[in-house]
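Structural description and commentary
Next come the chains, spelled out residue by residue.
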Amino acid sequence: MSAFELTAEDDIVMAAPELEGLVRRIFQTLGSDAREAGLIAEHMVAANLAGHDSHGVSLIPLYCRMVREGKVRPNTRVSVVLDHGAIVSLEGHRGFGQATADEAMTIAVERTAKHGLSVVALRPSHHVGRIGHWAERCAAAGHVSIHFVNVIHAPPVVAPFAGRDARLHTNPIALGIPRGNKDPVILDFATSRVAQGKMRVLMARGGAAPDGYLIDSSGNPTNDPSVVFRPPLGALLPFGDHKGSGLGLLADILAGSLSGGGTFHHANAVDGVYVNNMISFVLNPALLGNETEREEQIEAVVNHFVASPPRDPAAPVLIPGQPEARKRKHRLAAGIPIDRMTWNEIAMAARAAGLAL
Ligand code: NAD
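Here the structure is a predicted model, which is why all the values come from computation and not from measurement. (Residues numbered from 1 in each chain as written. Predicted model: local features only at pLDDT ≥ 70, side-chain atom pairs only at ≥ 80, totals over all residues. Heavy atoms only, no water.)

It is worth spelling out the sheet that holds strand β4 (residues 117-126) at this point. Taken together, 7 strands build an open sheet; the order of strands is β2-β3-β4-β11-β5-β6-β7 and the sheet is mixed. Every interior strand has two partners, whereas the edge strands, β2 (79-83) and β7 (182-189), have only one. Here the strands of the sheet are splayed against their neighbours by 15° on average, with no regard to which way each runs. Relative to β4, strand β3 (residues 87-91) is paired through 5 bridges, and the arrangement is parallel. Across the sheet, V88 pairs through a bridge with V120, a residue of β4. (Pairing = 2+ DSSP bridges. Helix = DSSP H or I, 4+ residues; strand = E, 2+ residues; numbered from the N terminus. Axes fitted to C-alpha atoms, helices over the stretch in contact; angles between N-to-C directions.)

In structure tokens form, the structure reads like this:
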């Protein structure tokens, strides 16, 4: 089991619908209308179900604080900046990303159905969550999609390849490919070794990061996950050395400069708000024809790929998206585990919002 899958005997375990109801109530108490609270709750619980606890209910205390400090305004809707039919630019007004990105994806899916492809840029929104969620949305409509996201306004947490201090964010990329009635291929990753939130979850569980993930404030290797949260700040390393480092930079350029929301650099005001820009490229593959042949080719390569004999019998070869699908199946049956520290923080945030818990 990886360091990011720790559980403990005193974990709170909740069924997904019960947890979703709780999250909805918390955000309604904070001022979100039923639509927005429902979208946040659905997204967070879907992230927990997929095994990405960093993007699930552990974010509640942070989001509550952002609302209290006036840094996120509930019920903020996107506005259209430019509309060229297949190319649309949206302003997110720093609204809850789970809701603004939902609006962006509704437009992306509609425009792709109409024009065959679309490019939808969404500029400053509060955290848009797990990016695979948006690739899954497009795949469910039968569309192939690629999403690039950057982060601005929060302190940087990722060192460029060969650098010794944090200059970038975890700038994620997600790609989705539909597979008819089978689970889509969803490759969804931070361009750092892992998402920053995984270090928060690890801290809450008292775990240590694996070797090669982090450097401290002097640029030396460390296993202490707190170095990306508490001064003196260190940094996460990019995944895949120079390749992940380059992809992180490109995600910043594509999401930040094409959306107009801005890339991350020294001139950005760092005000502690986790603001995302996202650009999504969406394609209806049916318009390229050869539907049957395409589906056969996808299945052929997937089967060929997973047939590689595993080096460790306990760790079979999986396609991207399969670990999340497996975890979803397991957690839908067994419930979602939440560590005690995170649960106590959620309860405190709920009580501060005025909800008895
Ligand atoms: P990760 O390292 O767990 O990688 C996830 C990807 O790798 C998935 O596509 C998964 O299917 C695939 N994968 C994992 N294990 C696999 C295996 N054994 N075999 C085959 N494929 C495998 O994830 P991460 O990089 O830590 O990112 C976690 C989440 O954080 C993502 O959902 C990402 O979108 C999100 N994120 C969001 C932001 C933001 O600003 N909103 C920033 C960074 C990351």
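Another aspect to go through is the environment of A174. Its location among the elements puts A174 in strand β6 (residues 173-179). Here A174 falls in the buried class, since its relative accessible area comes to 0%. Separated by 134 residues in sequence, A174 and I40 have C-alpha atoms that sit 19 Å apart. Discounting residues that sit within four places of it in the chain, A174 has contacts with I131, G132, A135, S145, I146, H147, L187 and D188. (Buried < 20%, exposed > 50% of the residue type's maximum accessible area, 1.4 Å probe, protein only. Contact = heavy atoms within 4.5 Å.)

Attention now goes to the site of the ligand. D188, A190, K198, G321 and E324 are the nearest of the 24 residues found near the ligand. Interatomic distance of 2.9 Å between a backbone N/O atom of A195 and an oxygen atom of the ligand. In this structure, G321 approaches the ligand through a main-chain N or O atom, which is 2.7 Å from an oxygen atom. Taken together, the elements giving at least two residues each to the shell around the ligand come down to β7 and α9 (322-334). Per-element tally for the shell around the ligand: the top contributor is β7, with 4 residues. Residue classes in the shell around the ligand are distributed as 13 nonpolar, 7 polar and 4 charged. (Near = heavy atom within 4 Å. Polar contact = N/O pair within 3.5 Å; in protein donor to acceptor, adjacent residues only side chain to side chain. Nonpolar A, V, L, I, M, F, W, Y, C, P; charged D, E, K, R; others polar.)

Turning next to the side chain of N284. Its location among the elements puts N284 in the loop between β11 (275-283) and α8 (291-306). In this structure N284 comes out as buried when scored by relative accessible area, which is 16%. Among residues more than four places away in sequence, those in contact with N284 are T112, G116, G142 and H143.

Computed from the structure, the second largest pocket encloses a volume of approximately 260 Å³. Along the wall of the second largest pocket there are 18 residues; nearest its centre are E136, A139, D183, P184 and I186. When residues of the lining of the second largest pocket are traced back to their parent elements, those giving at least two are α5 (132-140), β6, β7 and α9. Top contributing element to the lining of the second largest pocket by residue count: α5, with 5 residues. The residue inventory of the lining of the second largest pocket, partitioned by class, reads 6 nonpolar, 4 polar and 8 charged. (1 Å grid on protein atoms, 1.4 Å probe; cavity = no way out; pocket = protein on both sides within 12 Å on 5 of 7 lines; lining within 4 Å. Points joined across faces, edges and corners; volume = space filled by probe spheres on them.)

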